[in-house]
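Here's the letter readout for the chains.
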Protein chains: 2
Amino acid sequence: MAKEIERKFLIKRELWQPKGEGVSIRQGYLSLEPERTVRVRLKGERGFLTIKGKNHGISRMEMEYEIPAKEAAQLLDELCLRPLVEKTRYTESYQGQQWEIDIFAGDNAGLAVAEAELESEAAELVLPDWAGQEVSGDARYYNSSLIHNPYKNWQS
Amino acid sequence: MAKEIERKFLIKRELWQPKGEGVSIRQGYLSLEPERTVRVRLKGERGFLTIKGKNHGISRMEMEYEIPAKEAAQLLDELCLRPLVEKTRYTESYQGQQWEIDIFAGDNAGLAVAEAELESEAAELVLPDWAGQEVSGDARYYNSSLIHNPYKNWQS
């Protein structure tokens, strides 16, 4: 178990370039209730099951378990709610802080989001130049929200 | 992953006595949707996360993962839907077939159910004398149904 503390920012795409290959992520949900979301994820060759509680500020309870990739694929193909979320994840560090950069595909193409996981809510964070608007508290950007309301349906 | 094939029977309580100590089970749900139920279970000192698909006849997809008991307890206490299901499970064999016997407590006190897991839908099953009415297809007896409609509310 871990309390997850994350800050999330939109990416200024003209200022960010991938530095590596990235890993392909395909994920879906067995529960979308904010009090108890259950996510199935295929990340490259590995499978994960992740349970998250409700947000309290920028903290939320999170438990993650690795499961066989074949079973994750089966859960995604047969049981998870539609549509699935597809994206490529790049990881890089800036001033000692690890960032996860998600470039979405499919129904969410055009969306690009960066997340930094922090030790505490008060931890200082030095922003890279490509970090745009902060969207940490904005439920529209939850991957679980993108099931019902994918980016292609948003008004610009 | 396994396709689970089970037959379920009510127990004639006057003909059945516990032969051993039994193990205490406390369980709850993160999703009650029949297409994708997610169950958290504390069974004695061990924790489990179980995902089940929809029934097809008496078969359904089932995947089970062991998780730390402490985390299972935390999920039950903080995230699972209310009320939880509590029961004591006894395991015994009859004519080479393993049976799981669940004696419910709390809101489901009075309910006693036995399950046999079979190799195939056509497998032969010799019934003990304490096996009463078969309820394999009856959704009321799903543990997941007992959350919304516990046994104490049933009409006798």
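Sequence positions are assigned chain by chain, starting from 1 and proceeding in written order. To label them, take the chains in the order written and letter them from A, then take the ligands in the order written and number them from 1. Only residues with pLDDT of at least 70 get local features here, since the model is predicted, and only at 80 or more are side-chain atom pairs given and counted; chain-wide, interface and lining totals rely on the full set of residues. Computation of side-chain values covers all heavy atoms of the structure but excludes hydrogens and water.

Per an unreviewed UniProt entry, chain A goes by the name CYTH domain-containing protein and belongs to Anaerovibrio slackiae.

Novice: What am I meant to see in the overall build of chain A here?
Specialist: Helix and strand assignments come from DSSP, with helices taken as H or I runs of at least 4 residues and strands as E runs of at least 2, each series counted from the N terminus. Broken down by element type, chain A carries two helices and nine strands. The globule rule is 2.2 Å times the number of residues to the power 0.38, and the radius of gyration it is compared with is taken over C-alpha atoms. For chain A, whose C-alpha radius of gyration is 15 Å, the value lies close to the compact-globule estimate of 15 Å for 156 residues. Dimensions along the principal axes, computed over C-alpha positions, put chain A at roughly 40 × 30 × 30 Å. Across the 156 residues in chain A, those meeting the buried criterion constitute 51%. Should any heavy atoms of two residues lie within 4.5 Å, those residues are counted as being in contact. Taking all contacts inside chain A whose residues are at least 6 apart in sequence as the whole, residues at least 24 apart take part in 58%. Within the structure as shown, chain A displays about 8000 Å² of accessible surface, and the carbon and sulfur contribution to it stands at 45%. A gap of 3 Å separates the mean positions of the 21 positive and 26 negative side-chain charges of chain A. Partly exposed residues are those whose accessible area sits between 20% and 50% of the maximum for their type, while under 20% is buried and over 50% is exposed, using a 1.4 Å probe and protein chains only. Per-residue and other accessible areas follow the Shrake-Rupley method at a 1.4 Å probe size, with only the shown protein chains counted as cover for residues. Neither His nor the chain termini are counted; the positive set is Lys and Arg, and the negative set is Asp and Glu. Where a charge lies is defined by one atom per residue type, namely NZ (Lys), CZ (Arg), CG (Asp) and CD (Glu).

Novice: Any chance you could explain the interface of chain A and chain B here in plain terms?
Specialist: When the parts of a complex come together, some accessible area is lost, and that lost area is often taken as the interface size. Residue-level contacts link 24 residues of chain A with 24 residues of chain B. Buried area: the accessible area, evaluated with a 1.4 Å probe, that two parts lose upon being put together, summed over both parts. Between chain A and chain B the total buried area reaches about 2000 Å² when both faces are included, carbon and sulfur atoms providing 69% of it. Whenever two N or O atoms come within 3.5 Å, that pair is a polar contact, provided that in protein one can donate a hydrogen and the other can accept it, and provided that, for residues adjacent in sequence, both atoms are side-chain atoms. Applying the counting rule to chain A against chain B returns four residue pairs in polar contact (both at pLDDT 80 or more). Among the secondary structure elements, those contributing two or more residues to the side of chain A that touches chain B are strand S2 (23–31), strand S4 (46–52), strand S5 (59–67) and helix H1 (69–78) of chain A. Note on residue categories: nonpolar means Ala, Val, Leu, Ile, Met, Phe, Trp, Tyr, Cys or Pro, charged means Asp, Glu, Lys or Arg, and polar means any other residue, Gly included. Of the residues contributing to the side of chain A that touches chain B, the split by class is 15 nonpolar, three polar and six charged.

Novice: Before we go on, may I ask you to explain unusual backbone geometry in this structure?
Specialist: With an omega of -10°, the peptide bond running from Arg82(A) to Pro83(A) counts as cis. Here Pro83(A) lies in the loop between H1 and strand S6 (85–94).

Novice: Teacher, can you tell me more about the pattern of salt bridges here?
Specialist: A side chain of one charge can pair with a side chain of the opposite charge if their charged atoms are brought near each other. Put simply, a salt bridge is a Lys or Arg side-chain nitrogen that is within 4 Å of an Asp or Glu carboxyl oxygen. Per the counting criterion, the structure on display carries 28 salt bridges over all chains. For the salt bridge of Glu134(B) with Arg7(B), the shortest nitrogen-to-oxygen distance reads 2.8 Å. With Glu134(B) in strand S9 (residues 131–134) and Arg7(B) in strand S1 (residues 2–11), the pair connects residues that are 127 residues apart, well separated along the chain. Judged by relative accessible area, which is 23%, Arg7(B) ranks as partly exposed. One salt-bridge network, held together by shared partners, links Lys87(A), Arg89(A), Glu100(A) and Asp102(A).

Novice: I tried to follow the relation of the copies chain A and chain B on my own but got confused; where do I start?
Specialist: The pair of chain copies shares a relation made of a rotation about an axis and a shift along it. Once turned by 180° and shifted 0.0 Å along the axis, chain A lies on chain B with an RMSD of 0.0 Å. These values place the two chain copies in the arrangement generated by a two-fold rotation axis. Among all C-alpha atoms of chain A, that of Ser31(A) lies closest to the rotation axis, at 2.9 Å. Here 100% of the interface residues in chain A have copies in chain B that are interface residues too; the copies meet face to matching face. Fitting of the copies onto one another was done by least squares over C-alpha atoms, counting residues only where both copies have pLDDT of at least 70.

Novice: Looking at this structure, I do not really get the UniProt feature "active site" (unreviewed entry) in chain A. What am I missing?
Specialist: In the UniProt entry, the feature "active site" (unreviewed entry) is given for Tyr29(A). Looking at where Tyr29(A) falls in the secondary structure, it is placed in strand S2. The exposure class assigned to Tyr29(A) is buried, which follows from its relative accessible area of 4%. Residue contacts for Tyr29(A): discarding those within four places in its chain leaves Val38(A), Arg39(A), Cys80(A), Leu81(A), Asn143(A), Ser144(A), Ile147(A) and Arg36(B). Within polar-contact distance, the side chain of Tyr29(A) engages the side chain of Gln27(A) at 3.3 Å. UniProt positions are given in the numbering used here, feature names are shortened, and annotations may be inferred rather than shown by experiment.

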